[in-house]
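# Structural features, examined
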Amino acid sequence: MQPQDKIIPTQSNQSSDKLLSLIELLSEQPEPIRLQDISRLSGLNPSTALRFINALSRRGYLAQDADTGRYYLTFKICGLAQSISSHMSVRKIALPFLRELSNVFSESCNLAVESNMSVLYVEVASSQNRTLVSTQRIGNAAALHCTGVGKLFLSQYPSDKLTGLLGQRPLEAFTEHTITDPQALGRELAHVRAVGFAYDNEECEDGTRCIAAPVRDFTGKIVAGISVSGPAVRMSDEHIAEHLPSLLDCTKQISLRLGWREGA
C-alpha cells in the first residue's frame, strides 16, 4: 500500500539481487549442495557463483563440508533474524499500514494477536474522517469464535485441537447472530481457509460488522490479524468488496516484512 521509491537498475544492485536470490536458493536446500548444482539452479555461471560463495564464506554465512566439498548456510543468518525480532515488533511494523487503511475504509482498523485462547487487541487506528477514537479497544480481549480475527486463528488450528476446544464448553452467544453450533462454525472456518479472510457479521456486538485478514510470519503461521470494523449500516457488502483488496495488500506487505514468502 505504501508507495515505493523507484529503483533504477545498476550493475551494483543487479549483483545484490543475484546474491540475495542465491541466499534464498541455498536456504531451500535440504542438504549441502555442490558448486555445479548451485550454478545450474541459480542460472549463474560457475565463476560468478563461486565469487558469491566466497564472499558469503568470508563473512561466515556459508560453510563447506570438508569431506564432500558441498556448501551450506550457517546459523549466522538466524542471528540476524533474532536481532531484528528483538527490536522490531508486529505492532511497530503494522501501525503505518493501519493508519493508511483506516482512511481507505473511513473506519477503525485493529491489530490483534492471539493470547490465552482469546483475541487481544494491541493497536487501533481511527480514520481522520471519524470523530470517534477507538483507542479504548487496545488491551481488550474478545472470544475467538465470534470475531473476524479470531476465526483466522481458529482456521489454522489442527483438527484435534479445534475439536477439543469446541468440546470444552458451549460456545457463548454474544448476539443473536453469534455462531454457537460447532458444526456451523466448522463450515465457517472452512470458508475462511478457502477465501483467506473472515467476517464478523454482528456476531460479537450488535450493529457492528468487521472484515479481517491474516498476518503471517516467515513460517507461514498466522501470528496476527488486521480487522476493519464499523457500523453495519456503513460496512455494507459493497463497501467491503470495494476496499477488500487494500486490506489484503496491507496484510501481505506486513507479512512480507515478517519474512513470509508468497506461495511458500
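Residues numbered from 1 in each chain as written. Predicted model: local features only at pLDDT ≥ 70, side-chain atom pairs only at ≥ 80, totals over all residues. Heavy atoms only, no water.

### Some points on the overall build of the protein chain
Note the cut-off: A run of H or I in DSSP becomes a helix once it reaches four residues, and a run of E becomes a strand once it reaches two; helices and strands are each numbered from the N terminus. We call two residues in contact when some of their heavy atoms are within 4.5 Å.
Of the regular secondary structure elements, the protein chain holds 9 helices and 8 strands. Taking all contacts inside the protein chain whose residues are at least 6 apart in sequence as the whole, residues at least 24 apart take part in 56%.

### Focus: the side chain of Glu 203
Which entries qualify depends on this criterion: Relative accessible area decides the class of each residue, using a 1.4 Å probe on protein chains only: under 20% of the type maximum gives buried, over 50% gives exposed, and in between gives partly exposed. For this analysis, a polar contact is any N or O atom pair within 3.5 Å, provided that within protein one partner can donate a hydrogen and the other can accept it, and provided that sequence-adjacent residues contribute only side-chain to side-chain pairs.
Topologically, Glu 203 is positioned in the loop between strand E6 (198-201) and strand E7 (208-216). According to the relative accessible area criterion, Glu 203 is buried, its value standing at 3%. A distance of 2.9 Å separates the side chain of Glu 203 from the backbone nitrogen of Asn 201, its partner in a polar contact. Look past the residues within four positions of Glu 203 in its chain and what remains in contact with it is His 145, Cys 146, Lys 151, Phe 174, Thr 175, His 177, Thr 178 and Ile 179.

### Overview of the sheet that holds E6
Put simply, the rule reads: Only when DSSP finds a minimum of two bridges between them are two strands counted as paired. To get an axis, fit a line to the C-alpha atoms, keeping to the stretch in contact for a helix; angles then go from 0 to 180 degrees between the N-to-C directions.
Spatial strand order, E5-E4-E3-E8-E7-E6: 6 strands in an open sheet with antiparallel pairing. Two strands bound the open sheet, and with one partner strand each, they are strand E5 (141-142) and E6. Taken together, the 7 bridges between strand E3 (residues 108-115) and strand E4 (residues 118-125) define a ladder with antiparallel strand orientation. Residue pairing for E4: Leu 111 is matched across the bridge by Glu 123. Most of the contacts of helix H9 (residues 237-257) go to E7, to which it runs at about 25°, and overall it touches E6, E7 and strand E8 (222-231).

### A few points about the pairing of E3
Where E3 meets E8, 5 bridges bridge the pair, whose relative direction is antiparallel. When the bridges of E8 are listed, Cys 109 appears paired with Val 228. Hairpin connection between E3 and E4: a loop of 2 residues separates the two successive antiparallel strands, and Asn 116 in this loop has a positive phi of roughly 55°.

### So, the environment of Lys 92
Tracing the sequence through the fold places Lys 92 in helix H5 (residues 90-105). Considered as a pair, Lys 92 and Glu 123 are 31 residues apart in the sequence and their alpha carbons are 9.3 Å apart.

### A word on the packing of helix H2 (residues 35-42) against helix H3 (residues 46-58)
Any two packed helices are characterised by the angle at which their axes cross and by the distance between the axes. So the rule is basically this: Each angle is binned into one of four classes, with values under 35 degrees roughly parallel, values over 145 roughly antiparallel, values of 65 to 115 roughly perpendicular, and all other values oblique. For this classification, Asp, Glu, Lys and Arg are treated as charged, while Ala, Val, Leu, Ile, Met, Phe, Trp, Tyr, Cys and Pro are nonpolar and the rest, including Gly, are polar.
Where H2 contacts H3, the two axes come as close as 9 Å, and the packing angle between them is 110°. As summarised for this structure, H2 and H3 are arranged roughly perpendicular, according to the angle between their axes. Across the interface between the two elements, Leu 35, Ile 38 and Ser 39 from H2 touch Pro 46, Ala 49, Leu 50 and Ile 53 from H3. When the residues that make up the contact of H2 with H3 are grouped by side-chain class, the tally is 6 nonpolar, 1 polar and no charged.

### Re the pattern of salt bridges
For clarity, the cut-off: Salt bridges are defined as contacts in which a side-chain nitrogen from Lys or Arg sits within 4 Å of a carboxyl oxygen from Asp or Glu.
All told, the structure shown has 9 salt bridges when counted by the stated rule. Linking Arg 40 and Asp 37 is a salt bridge whose minimum nitrogen-to-oxygen distance equals 3.3 Å. Here Arg 40 and its partner Asp 37 are both found in helix H2, 3 residues apart, which amounts to about one turn of the helix. For Asp 37, a relative accessible area of 13% translates into the label buried. Here Lys 151 ties to Glu 203 by a salt bridge, and the two come within 2.8 Å at their closest N and O atoms. Separated by 52 residues along the polypeptide, Lys 151 in helix H6 (residues 148-155) and Glu 203 in the loop between E6 and E7 bring together distant segments of the chain.

### Let's talk about helix H7 (residues 159-168)
As a reminder of what qualifies: The arc in question is traced by the directions running from the helix axis to the C-beta atoms.
Turning to H7, its buried residues are Leu 162, Leu 165 and Leu 166. In a view along the axis of H7, the buried residues occupy a sector of 90°, so they form one face of it. Away from its buried face, by an angle of more than 90 degrees, H7 presents the exposed residues Asp 160, Thr 163, Gly 167 and Gln 168. Each element contacted by the buried residues of H7 is listed here: H6 and helix H8 (182-195).

### Points about H9
For an α-helix, the turn length of 3.6 residues means that residues three or four places apart are oriented alike. Here is the rule we go by: The span you would expect from a helix comes to 1.5 Å times its residue count less one. Note on bend: the value at a residue is the angle between axes fitted to the seven residues ending there and to the seven starting there.
Counted at 1.5 Å a residue, the expected span for H9 with its 21 residues is 30 Å, and the 30 Å between its end C-alpha atoms agrees. The largest bend in H9 amounts to roughly 45° and is located at His 243, with the proline Pro 245 lying one to four residues further along. Within H9, burial applies to His 239, Ile 240, His 243, Leu 244, Leu 247, Cys 250, Thr 251, Gln 253, Ile 254 and Ser 255. Of the surrounding secondary structure, the elements contacted by the buried residues of H9 are H5, E6, E7 and E8. Immediately beyond the C-terminal end of H9, within one or two residues, lies Gly 259, with a positive phi of roughly 100°.

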